[in-house]
Amino acid sequence: MRRMTDRTTDPWAEARANLSGWKGGLNIAHEALDAHVAAGHGGDLALRWLGRDGARRDFTYADLTAEAARFANVLAAHGLGKGDSVFAMAGRVPELYAAALGTLKAGMVFTPLFSAFGPEPVRTRMEIGRAAVLVTTEAIYRRKIADWRHEIDSLKLVLILGEEAPEGCVALAPAMRAAAPGFETVATAPEDPALIHFTSGTTGKPKGAVHVHEAVVYHAFSGRAALGLEPGVTYWCTADPGWVTGTSYGIISPLVNRATMLVDEAEFDLERWYSIVQDEKVQVWYSAPTAIRMMMRAGAEAAKPYDFSSLTFLASVGEPLNPEAVIWSEVVFGQPFHDNWWQTETGGIMIANRPGQEVRPGSMGKPLPGVEVGIVEREGGTLKVLGPGAVGELALRPGWPSMMRAYLNEPARYAKCFVDGWYLSGDLATRDVAGYVWFVGRADDLIKTSGHLIGPFEVESALIEHDAVAEAGVIGIPDETAGEVVKAYVTLNPGFAPSEALERDIRGHARKKLGPAVAPREVVFRKTLPKTRSGKIMRRLLKARELGLPEGDISTLETDET
Ligand code: ATP
Ligand code: MG
């Protein structure tokens, strides 16, 4: 991978120069915590935690630094050290944040998992990540881990949240109290591993993307450039740390930029969310299309009683943001959600509708400064870069600081991502003459019908413009004459019930919008669409079922009701 450390050619030189560095190297926790305390900002509010039951806890930068130090001391007391791997599966509680930052302080590698994962996905991830430590709750431990814990020979320590722990585990609360609140951050080099994130598993078996301490340069930069984070800004990232957004922009970027981050323990709940924005005076809000569509489903009326005047910037990531959602949010919040695009692999936001930039609803925005995007086509072992208007694979020039450095245990799969000096994302997109990038679909999801190439996003966006449709997932199914035909699965808005007449009406609406070649031949009503825990529609699963094929890896599957 190309390194960019030359100050004259490094697009992130300023961000790099603003970091304080640590012992001749770089450490994420040092930049997120220690450096602010050293600069006299220890009294600033770092984290406000909102408990499910109404509890609230505030942590200043000094408090969070002390909590992280205690956690690092707990690890050290058990003989663990640099490079060891810490897994956490604990929900959005303050201890999780202390654990993440304490692990980085100790020079160890942090891997968060969704706490709703079943035993098997946890086990396989801990095996390939060679977990030395697991931080979890007693309930999760008993239900999902106790049975096979001793078969993981790398596992040395299980820390249980709270005052008590089952046999063979250590209770975290007393251990933290006994630990000293000071810990000298371990020296780490920019290329030392810091985090491992598993991809969402939307297209297949999840990959473990390895991220290094140098990523903090890009988290500092992109938090400012794409989200408008700055000291003192009240920021709410709704993503769970089990997914990369929840750490890159749910822990590291806000802290490095000295913002105040809100953490809500609870799951999505419309009234709760609207109250949080209003009562906590959220300024910058970072969420995902799946949540935005839930808000839309509840209707603009439900938002009326709330005061959203604190909001200054709204952003969305994870899935295509339908133009309908952009327009709706502008009406309801006085601010549109700004779409941005990135992946677990890229570690940070690559393409965005940035603060101050004109929004083109339906577009992901423009590449961030220093990010080079190519719309490419494979030609044997080389790539052809396509011009404006052409659809091709979205590729990036490697070299930005937060890029993954490996897929855990899968060097061949990693090597396949790089062709001809480009990183290939697996997504299809097109670029307009003004440089805006438009998502077409995942390469795997593309539908070929009667000589047309159709991206599911286009069809789904048209479908949700119908009054009755809340969400849509679109696939291609084999057809003798057309090659493939489009089939849609939809969920309905409140007040609408499945019927043949409604199915006809939705198809008619789509035909008008898209033309007969592109509109779905069939619309199936469902209670929910199959989604990953990070909120992505699993089209491959709809397709596998349709074709009677094996379901493949469904370890990240969440909602799924017919
Ligand atoms: P897997 O790689 O395991 O199949 P995944 O690709 O869903 O899962 P993530 O890294 O969490 O795992 O998600 C990145 C993908 O999400 C992108 O490649 C893209 O397909 C989709 N995505 C993210 N943001 C956007 C966006 N703004 N518009 C459209 N798609 C997006
Ligand atoms: Mg992916």
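Residues numbered from 1 in each chain as written. Chains lettered and ligands numbered in written order. Predicted model: local features only at pLDDT ≥ 70, side-chain atom pairs only at ≥ 80, totals over all residues. Heavy atoms only, no water.

1. Focus: the environment of alanine 68
Mapped onto the secondary structure, alanine 68 falls in helix 3 (residues 61-77). Alanine 68 gets classed as buried once you look at its relative accessible area, which sits at 0%. (Helix = DSSP H or I, 4+ residues; strand = E, 2+ residues; numbered from the N terminus. Buried < 20%, exposed > 50% of the residue type's maximum accessible area, 1.4 Å probe, protein only.)

2. Brief notes about unusual backbone geometry
Positive phi, close to 50°, is recorded for lysine 23, a residue that is not glycine. In this structure, lysine 23 sits in the loop between helix 1 (13-18) and helix 2 (28-38). Assessed through its relative accessible area of 49%, lysine 23 is described here as partly exposed. One non-glycine residue, serine 450, lies in the positive phi region at around 40°. Structurally, serine 450 can be placed in the loop between strand 24 (447-449) and strand 25 (452-454).

3. A short note on the site of ligand 1
Near ligand 1 you find 23 residues, and of these Thr199, Ser200, Thr202, Thr203 and Thr344 are the closest. Here an oxygen atom of ligand 1 and a side-chain polar atom of serine 200 are 2.7 Å apart. Here an oxygen atom of ligand 1 sits 2.8 Å away from a polar atom, N or O, in the side chain of arginine 442. Considering ligand 1 on its own, with 630 Å² of exposed area, one finds that the protein chains cover 97% of that surface. The biggest single contributor to the shell around ligand 1 is strand 14 (residues 337-341), with 3 residues. Looking at the shell around ligand 1 residue by residue, the class counts come to 7 nonpolar, 9 polar and 7 charged. (Near = heavy atom within 4 Å. Polar contact = N/O pair within 3.5 Å; in protein donor to acceptor, adjacent residues only side chain to side chain. Areas by Shrake-Rupley, 256 points an atom, 1.4 Å probe, with all protein chains shown as cover. Nonpolar A, V, L, I, M, F, W, Y, C, P; charged D, E, K, R; others polar.)

4. Quick notes on the pattern of salt bridges
With the rule as written, the count across this model stands at 42 salt bridges. The residue arginine 123 makes a salt bridge to glutamate 127 at a minimum N-O spacing of 3.0 Å. Of this pair, arginine 123 and glutamate 127 both sit in helix 5 (residues 119-128), 4 residues apart, roughly one helical turn. The exposure class assigned to glutamate 127 is partly exposed, which follows from its relative accessible area of 35%. (Salt bridge = Lys/Arg side-chain N within 4 Å of Asp/Glu carboxyl O.)

5. Side note on the sheet that holds strand 13 (residues 313-316)
Read from one edge of the open sheet, 9 strands run 2-1-11-10-12-13-14-15-16, paired in mixed fashion. In the strand order of this sheet, the two ends are held by strand 2 (56-60) and strand 16 (366-367), each with one partner. Summarising the sheet, strand 1 (residues 45-50) and strand 11 (residues 260-264) pair through 4 bridges and their orientation is parallel. Following the sheet pairing, arginine 48 is matched in strand 11 by leucine 262. Seen against the sheet, helix 8 (residues 215-227) touches strand 10 (234-237), strand 12 (284-287), strand 13, strand 14 and strand 15 (351-352) and runs at an angle of roughly 115° to strand 13. (Pairing = 2+ DSSP bridges. Contact = heavy atoms within 4.5 Å. Axes fitted to C-alpha atoms, helices over the stretch in contact; angles between N-to-C directions.)

6. Quick notes on helix 10 (residues 270-279)
Among the residues of helix 10, Leu270, Trp273, Tyr274, Ile276 and Val277 are the ones counted as buried. Buried residues of helix 10 fall within an arc of 155° about the axis and therefore sit on the same side. In this structure, the buried side of helix 10 is in contact with strand 1, strand 10, strand 11, strand 12, helix 11 (289-298) and helix 12 (323-333). Trailing helix 10 by a residue or two, lysine 281 shows a phi angle of about 50°, which is positive. (Arc of directions from axis to C-beta.)

7. Things to note about helix 9 (residues 244-256)
Since the α-helix packs 3.6 residues into each turn, any two residues three or four apart lie on the same face. The buried fraction of helix 9 is high, at 13 of 13 residues. Looking at the residues trailing helix 9, positive phi occurs at arginine 258, about 55°.

8. Section: the pairing of strand 23 (residues 437-442)
Inspection of the sheet shows strand 22 (residues 422-431) paired to strand 23 by 5 bridges, in the antiparallel sense. Paired with aspartate 427 across the bridge in strand 23 is arginine 442. The loop that links strand 22 with its antiparallel partner strand 23 comprises 5 residues; one of these, glycine 435, has a positive phi angle of about 95°.

9. Comments concerning the nonpolar core
Grouped together as the largest cluster of nonpolar side chains are 124 residues, with contacts concentrated most on Leu75, Val133, Val135, Leu255 and Tyr286. Filtering out sequence-adjacent residues up to four positions away, valine 133 remains in contact with Leu75, Leu80, Ser85, Val86, Phe87, Met108, Leu155, Leu157 and Leu159. Residues Leu262, Trp273, Phe308 and Phe333 belong to the second largest nonpolar core, which totals 26 residues. (Core = buried A, V, L, I, M, F, W, Y, C linked by side-chain atoms within 4.5 Å.)

10. What to know about the packing of helix 2 against helix 3
Direction vectors running N to C along helix 2 and helix 3 enclose 130°, while the axes themselves pass 9 Å from each other. With respect to their mutual orientation, helix 2 and helix 3 come out oblique. For the element pair helix 2 and helix 3, the recorded crossing hand is left-handed. Between helix 2, through Ala32, Leu33, Asp34, His36 and Val37, and helix 3, the contact on the second element is made entirely by Tyr61, Ala62, Leu64, Thr65 and Ala68. The residue inventory of the contact of helix 2 with helix 3, partitioned by class, reads 7 nonpolar, 2 polar and 1 charged. (Parallel < 35°, antiparallel > 145°, perpendicular 65-115°, else oblique. Left-handed = near helix turned anticlockwise from the far one by under 90°.)

11. Here we look at the UniProt feature "domain: AMP-dependent synthetase/ligase" (unreviewed entry) in the protein
If you check UniProt for "domain: AMP-dependent synthetase/ligase" (unreviewed entry), the listed places come out as residues 36-408 in our numbering. Taken end to end, residues 36-408 comprises 31% helix and 23% strand; its first and last C-alpha atoms sit 33 Å apart. (UniProt positions renumbered as here; feature names shortened; annotations may be inferred.)

12. A look at the domain arrangement of the protein
Partitioning the protein into domains gives domain 1 (26-217 + 229-266) and domain 2 (446-559). Its C-alpha centre places domain 1 at a distance of 38 Å from the equivalent point of domain 2. Across the contact, 13 residues belong to domain 1 and 10 residues belong to domain 2. With both sides pooled, the region where domain 1 packs onto domain 2 buries about 960 Å², and carbon together with sulfur makes up 60% of that total. Contact with domain 2 buries area across many residues of domain 1, yet Phe114, Ser200 and Thr202 alone supply 43% of it, more than any other trio. Run the count over domain 1 and domain 2 and you get 0 salt bridges. The tally of links between domain 1 and domain 2 comes to 5 residue pairs in polar contact (both at pLDDT 80 or more). (Domains from an automatic or database assignment. Buried area = accessible area lost by both parts, 1.4 Å probe.)

13. Here we look at the confidence of the model for the protein
Low pLDDT means the predicted coordinates in that region are not meant to be read closely. Summary statistics for the protein give a mean pLDDT of 95 and a share of 99% for residues scoring 70 or more. Note on residues 1-7: pLDDT is under 50 here. Beyond four places in sequence and across chains, it has 23 contacts. The complex prediction reports pTM at 0.95, with the ipTM value standing at 0.99. (pLDDT = per-residue confidence, 0-100.)

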